[in-house]
Amino acid sequence: TPLGNAGNSGSEDRSTASSSKALGATELLTLEKESEAARESALRSMEEVMGYNIKATDDEVGHLMDFIFETESWDIRYFVVDTRKWLPGGKKVLLSPAWIKAVDWADSRVDVELTKDQIKNSPVYDPHQPVNREYEVQLYDYYGQPKYW
């Protein structure tokens, strides 16, 4: 099954225009309720979680930089983690969403059930090579995780 890359051009301006009009108490209360509802929602855009820190069981190891999805079903199979800021000689690695322990929306962090050393020594992800079954077997065998297929 082909896997696709979600991509992130980084060219989009994430800033918002501010209004010169002051908001009244009713409008502020409405915005607060909408913001609270958004925080409690289980749905998030991929763009929103790009850049979230990835925390292993023992330390932070990188940040979420991209997603790999199955092109037929649109299932997210992997997220791409860039470890360069946290690990000397860092690299890009793939982690399965099934290995997520928790997501801390307030702290922009994804906690995974893997150690820093496991991620540090994991198979390298080369974005110029396809993610094929051979690579997936190597990845799942390395982490000792049950395969999704």
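Residues numbered from 1 in each chain as written. Predicted model: local features only at pLDDT ≥ 70, side-chain atom pairs only at ≥ 80, totals over all residues. Heavy atoms only, no water.

A. The overall build of the protein chain, seen in detail. For the protein chain, the helix and strand inventory stands at 4 helices and 7 strands. Going from the N terminus to the C terminus, the protein chain shows its helices and strands as β-α-α-β-β-β-β-β-β-α-α. Counting over 149 residues, the protein chain shows a buried share of 30%. Sequence-distant contacts, at least 24 apart, represent 51% of the contacts inside the protein chain between residues at least 6 apart. (Helix = DSSP H or I, 4+ residues; strand = E, 2+ residues; numbered from the N terminus. Buried < 20%, exposed > 50% of the residue type's maximum accessible area, 1.4 Å probe, protein only. Contact = heavy atoms within 4.5 Å.)

B. Expanded view of the packing of aromatic side chains. Applying the stated rule across the entire model yields 9 aromatic pairs. Ring geometry for tyrosine 142 against tyrosine 143: centres 4.9 Å apart, planes inclined by 75 degrees, an arrangement best described as edge-to-face. Here tyrosine 142 falls in the partly exposed class, since its relative accessible area comes to 32%. Over the ring of tryptophan 105 we find arginine 44, and its NZ or CZ is 4.1 Å from the ring centre. The side chain of arginine 133 reaches across the aromatic face of tryptophan 149, ending 4.4 Å from its centre. (Phe/Tyr/Trp six-rings, centres within 6.5 Å; stacked < 30°, edge-to-face > 60°. Lys NZ or Arg CZ within 6 Å of the ring centre and 35° of its normal.)

C. Seen up close, the pattern of salt bridges. Under the counting rule described, the total for this entry stands at 10 salt bridges. Note that lysine 116 and aspartate 59 form a salt bridge whose closest N and O atoms lie 3.2 Å from each other. Remark: aspartate 59 occurs in the loop between strand 2 (53-55) and strand 3 (60-70) and lysine 116 occurs in helix 3 (residues 116-120); sequence separation between them is 57 residues. The class of aspartate 59 is partly exposed, set by a relative accessible area of 35%. With a shortest N-O distance of 2.7 Å, lysine 147 and aspartate 141 are connected by a salt bridge. Residues joined in a network through salt bridges with shared partners are Asp104, Asp107, Arg109 and Asp111. (Salt bridge = Lys/Arg side-chain N within 4 Å of Asp/Glu carboxyl O.)

D. Inspection of the nonpolar core at higher detail. Ile54, Phe79, Leu94, Leu95, Val112 and Ile119 are the most contacted members of the largest nonpolar core, which totals 27 residues. Taken together, the elements giving at least two residues each to this core come down to strand 3, strand 4 (76-82), strand 5 (92-95), strand 7 (109-112) and helix 4 (133-143). (Core = buried A, V, L, I, M, F, W, Y, C linked by side-chain atoms within 4.5 Å.)

E. Inspection of the side chain of threonine 83 at higher detail. Within the secondary structure, threonine 83 sits in the loop between strand 4 and strand 5. Setting aside chain neighbours within four positions, we find threonine 83 in contact with Val61, Gly62, Gly90, Lys91, Val93 and Ile119.

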